[in-house]
Amino acid sequence: MPLPASRVFDTPEILVRTLADTLLMQASASIAQHGRFHLVLAGGTTPRALYEALANRDAGSDKWHIWYGDERCLPSGHPERNNVMAETAWLAESRIPPEQRRPIPAELGAEAAAAEYAARLADVPAFDLVLLGLGEDGHTASLFPGRAWTGADALAVHDAPKPPPDRVSLSADRLSNSQAVWFVVTGTDKREALRRWGEGTPLPAAAVRGRLATLVWMDRAAANQG
Ligand code: 6PG
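Residues numbered from 1 in each chain as written. Predicted model: local features only at pLDDT ≥ 70, side-chain atom pairs only at ≥ 80, totals over all residues. Heavy atoms only, no water.

Q: So, the overall build of the protein chain: which residues are in play, and what are the values?
A: From N to C terminus, the protein chain includes 7 helices and 9 strands. For the protein chain, whose C-alpha radius of gyration is 16 Å, the value lies close to the compact-globule estimate of 17 Å for 226 residues. For the protein chain, buried positions account for 53% of its 226 residues. Taking the intrachain contacts of the protein chain between residues at least 6 apart in sequence as the baseline, contacts between residues at least 24 apart amount to 76%. Side-chain charges in the protein chain split into 23 positive and 27 negative, and the spacing between the mean points of these groups amounts to 4 Å. (Helix = DSSP H or I, 4+ residues; strand = E, 2+ residues; numbered from the N terminus. Rg over C-alpha atoms; globule rule 2.2 N^0.38 Å. Buried < 20%, exposed > 50% of the residue type's maximum accessible area, 1.4 Å probe, protein only. Contact = heavy atoms within 4.5 Å. Lys, Arg positive; Asp, Glu negative; His and termini not counted. Charge placed at Lys NZ, Arg CZ, Asp CG, Glu CD.)

Written out as structure tokens, the structure is:
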């Protein structure tokens, strides 16, 4: 599928400010509609600035529920874990109750963690918003080209081309079970992946579509607009 709707910003800083403000509006709308905001966080390095911006806006309340699109199989508290990045940049100081911040228990190993997280997700309705990054090869979460993208809600991943090799990822189907899916993509390194996506290459990122909206938030560098 070709590239979904996208918004292009002059700089990552302007993108992050707009994204944080828009996410807060999305949260308010979800809470007004059904009393909760189920948000899935992206890993990697790109979202850190967004999480810091959300912290600066005192984002979060007891109506927010935080999930993760993927996690690296590293010990709890390891600085390279996606949940550690989000907790450090934002969540630990937020008003979101710890019991509503649900990390993937990847320290258990890929299979056990995937089974446990899939069980936790069993009674969760559609997410309200899923945030995702984009890898240079077109991967998203820990769904990599040439590997499984579909199946159970949470998948055990081994031999991932991006270290560490062992990971847990929500499947493309479960990530798509969301009212909205937003990709956050900055920097020239992502140009090729965006170009291939736009040409219709069947990349993992292209397999994830929100029920109502799918949007790619990108800066000019990634959009190859000078
Ligand atoms: C991870 C992420 C991964 C990431 C992309 C982009 O665990 O690494 O889930 O999917 O979002 O690889 O990473 P950057 O934001 O660091 O470019």
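Q: Hey, could you go over the packing of helix 1 (residues 12-34) against helix 2 (residues 48-56) for me, with residue numbers and the actual values?
A: Interaxial distance between helix 1 and helix 2 falls to 9 Å at its minimum, and their mutual angle equals 55°. As judged from the angle between their axes, helix 1 and helix 2 are oblique. For the pair helix 1 and helix 2, the crossing hand works out as right-handed. Residue-level contacts link Val16, Leu19, Ala20, Leu23 and Leu24 of helix 1 to Ala49, Leu50, Ala53 and Leu54 of helix 2. Residue composition of the contact of helix 1 with helix 2, by class: 9 nonpolar, no polar and no charged. (Axes fitted to C-alpha atoms, helices over the stretch in contact; angles between N-to-C directions. Parallel < 35°, antiparallel > 145°, perpendicular 65-115°, else oblique. Left-handed = near helix turned anticlockwise from the far one by under 90°. Nonpolar A, V, L, I, M, F, W, Y, C, P; charged D, E, K, R; others polar.)

Q: I'd love a proper account of the nonpolar core, names of residues and values included.
A: The nonpolar side chains of a soluble globular protein tend to be buried, and buried together. Counting 70 residues, the largest nonpolar core has Leu39, Leu41, Tyr51, Trp64, Trp90 and Leu131 as its most contacted members. Not counting residues within four places of it along the chain, the set of residues in contact with Leu41 comprises Tyr51, Ile66, Trp67, Tyr68, Gly69, Ala86, Trp90, Leu91 and Leu131. (Core = buried A, V, L, I, M, F, W, Y, C linked by side-chain atoms within 4.5 Å.)

Q: Give a detailed account of the environment of Leu170, specifying residues and quantitative values.
A: With respect to the secondary-structure elements, Leu170 resides in strand 7 (residues 167-170). Take Leu170: its relative accessible area is 0%, and that puts it in the buried class. Sequence separation between Leu170 and Ala141 is 29 residues, and the spatial gap between their C-alpha atoms is 7.5 Å. For Leu170, the residues in contact, after removing those within four places along its chain, are Tyr68, Gly69, Tyr117, Leu121, Phe127, Leu143, Asp153, Ala154 and Leu175.

Q: Which residues make up the sheet that holds strand 4 (residues 70-72), and what are the values?
A: What the 3 strands build is an open sheet, ordered 4-7-6; its pairing is antiparallel. The open sheet has two free edges, formed respectively by strand 4 and strand 6 (154-157), since each of these has just one partner strand. Ignoring strand direction, the axes of neighbouring strands in this sheet form an average angle of 15°. Sheet topology places strand 6 next to strand 7; 4 bridges connect them, and they run antiparallel. When the sheet's bridge partners are listed, Ala154 is paired in strand 7 with Leu170. (Pairing = 2+ DSSP bridges.)

Q: Tell me about the sheet that holds strand 2 (residues 37-41), residues and numbers included.
A: Read across the sheet, 6 strands follow the order 1-9-8-5-2-3 without closing on themselves; strand pairing throughout is parallel. Looking at strand neighbours, the two that pair on one side only are strand 1 (5-9) and strand 3 (64-68), the edges of this open sheet. With strand direction ignored, the average angle separating the axes of adjacent strands in the sheet is 20°. By the bridge criterion, 2 bridges tie strand 2 to strand 5 (residues 127-132) in an arrangement that is parallel. When the bridges of strand 5 are listed, Leu39 appears paired with Leu129.

Q: For the packing of aromatic side chains, give the residues involved together with the corresponding values.
A: Within this structure, the stated rule accounts for 8 aromatic pairs. Taken together, a centroid distance of 5.2 Å and an interplanar angle of 50° make the contact between Trp182 and Trp217 tilted. Of this pair, Trp182 sits in strand 8 (residues 178-185) while Trp217 is found in strand 9 (residues 213-219), placing the two residues 35 residues apart along the sequence. One aromatic cluster in this structure is built from Phe37, Tyr51, Trp64 and Trp90. The positively charged end of Arg174 is found above the aromatic ring belonging to Phe127, 4.2 Å away from the centroid. (Phe/Tyr/Trp six-rings, centres within 6.5 Å; stacked < 30°, edge-to-face > 60°. Lys NZ or Arg CZ within 6 Å of the ring centre and 35° of its normal.)

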